[in-house]
Amino acid sequence: LELFKQLEFEQNLEERLNELDEMIADQEEVQEKTEEKSAPKEELSEEQESIADEMKEFEEAMKDMQDLNESLEEPNEMPDLQEKMDGALEDMDSAKEELNKSNEKKAGQEQQKAKEKMQEMRESLSSFQQQMAQDQQTENMEHMRQLLENIVELSKGQERVMEALKPIKGSD
């Protein structure tokens, strides 16, 4: 059961990373449209709001993932992304407000800050994922070493039994 929980946690982590990638790409696209003034400000404002909604859903999913992590026998040390998530949401709200004021330059700057915070979150989660994989590999190597030691001990035990049985003849 514990292995299934750990697997579910790892899959959940992978999904969060994919969601962040999508949000970063969406934010970049909206930022480019804003800076190039290639779309109406209402449309850009709606797109910015949509990304903010995705971030709120991401935040909820991260809380669920934290709960799952805490239910593990040996919880992982997850990075604290709350400050970055809050900052990204604030920047997105500021960008939306600036778009509504027709201040595209300032909106673009706020969008850039939001994107950078999401990239930092991505880097933190990615590093965490790599550390988990490295820890798992170390644990697997330790288990393999223990198995090999047990096999050697078993083999030595077999040799002792064979030596003890040599003097006994088949007719005895």
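Residues numbered from 1 in each chain as written. Predicted model: local features only at pLDDT ≥ 70, side-chain atom pairs only at ≥ 80, totals over all residues. Heavy atoms only, no water.

**Q** I keep staring at the overall build of the protein chain and nothing clicks. Help me out?
**A** Per the secondary structure count, the protein chain includes four helices and zero strands. When the helices and strands of the protein chain are listed from N to C terminus, the series reads α-α-α-α. A globule of 172 residues ought to have a C-alpha radius of gyration of about 16 Å, yet the protein chain, at 27 Å, is considerably larger. Principal-axis analysis of the C-alpha atoms places the extent of the protein chain at approximately 105 × 25 × 20 Å. Per-residue burial for the protein chain yields a buried fraction of 32% across its 172 residues. Partitioning the intrachain contacts of the protein chain with sequence separation of at least 6 by distance along the chain shows that 79% fall at a separation of at least 24. As displayed, the protein chain has an accessible area near 11,400 Å², and 48% of this comes from carbon and sulfur atoms. Each charge sign in the protein chain was given a centre, from 21 positive and 51 negative side chains, and these centres are 4 Å apart. (Helix = DSSP H or I, 4+ residues; strand = E, 2+ residues; numbered from the N terminus. Rg over C-alpha atoms; globule rule 2.2 N^0.38 Å. Buried < 20%, exposed > 50% of the residue type's maximum accessible area, 1.4 Å probe, protein only. Contact = heavy atoms within 4.5 Å. Areas by Shrake-Rupley, 256 points an atom, 1.4 Å probe, with all protein chains shown as cover. Lys, Arg positive; Asp, Glu negative; His and termini not counted. Charge placed at Lys NZ, Arg CZ, Asp CG, Glu CD.)

**Q** Help me understand the pattern of salt bridges, please; the structure alone is not making it clear to me.
**A** Side-chain pairing between opposite charges can occur once the charged atoms of the two side chains come close. Evaluated as defined, the whole model comprises 13 salt bridges. Close ionic contact of Glu 19 with Arg 16 constitutes a salt bridge, the shortest N to O distance being 2.6 Å. Remark: Arg 16 and Glu 19 occur in helix 1 (residues 2-36); sequence separation between them is three residues, near one turn of the helix. Accessibility expressed as a relative area gives 28% for Glu 19, which makes it partly exposed. Take Arg 16: its relative accessible area is 6%, and that puts it in the buried class. Here Asp 21 makes a salt bridge to Arg 122, at a shortest N to O gap of 2.4 Å. (Salt bridge = Lys/Arg side-chain N within 4 Å of Asp/Glu carboxyl O.)

**Q** What should I look at first to understand helix 1 in this one?
**A** One turn of an α-helix holds 3.6 residues; hence residues three or four places apart share an orientation. In a regular helix each residue adds 1.5 Å, so 35 residues correspond to 51 Å; helix 1 covers 51 Å between its end C-alpha atoms and thus fits that length. Just past helix 1, the residue Lys 37 takes up positive phi, approximately 55°. (Expected span 1.5 Å × (residues − 1).)

**Q** Help me understand the packing of aromatic side chains in this model?
**A** Geometrically, a pair of aromatic rings is defined through the distance of the ring centres and the angle of the planes. For the coordinates displayed, the defined rule picks out one aromatic pair. Between Phe 9 and Phe 128, the ring centres sit 6.1 Å apart and the planes meet at 90°, which makes this aromatic pair edge-to-face. Of this pair, Phe 9 sits in helix 1 while Phe 128 is found in helix 4 (residues 104-165), placing the two residues 119 residues apart along the sequence. (Phe/Tyr/Trp six-rings, centres within 6.5 Å; stacked < 30°, edge-to-face > 60°.)

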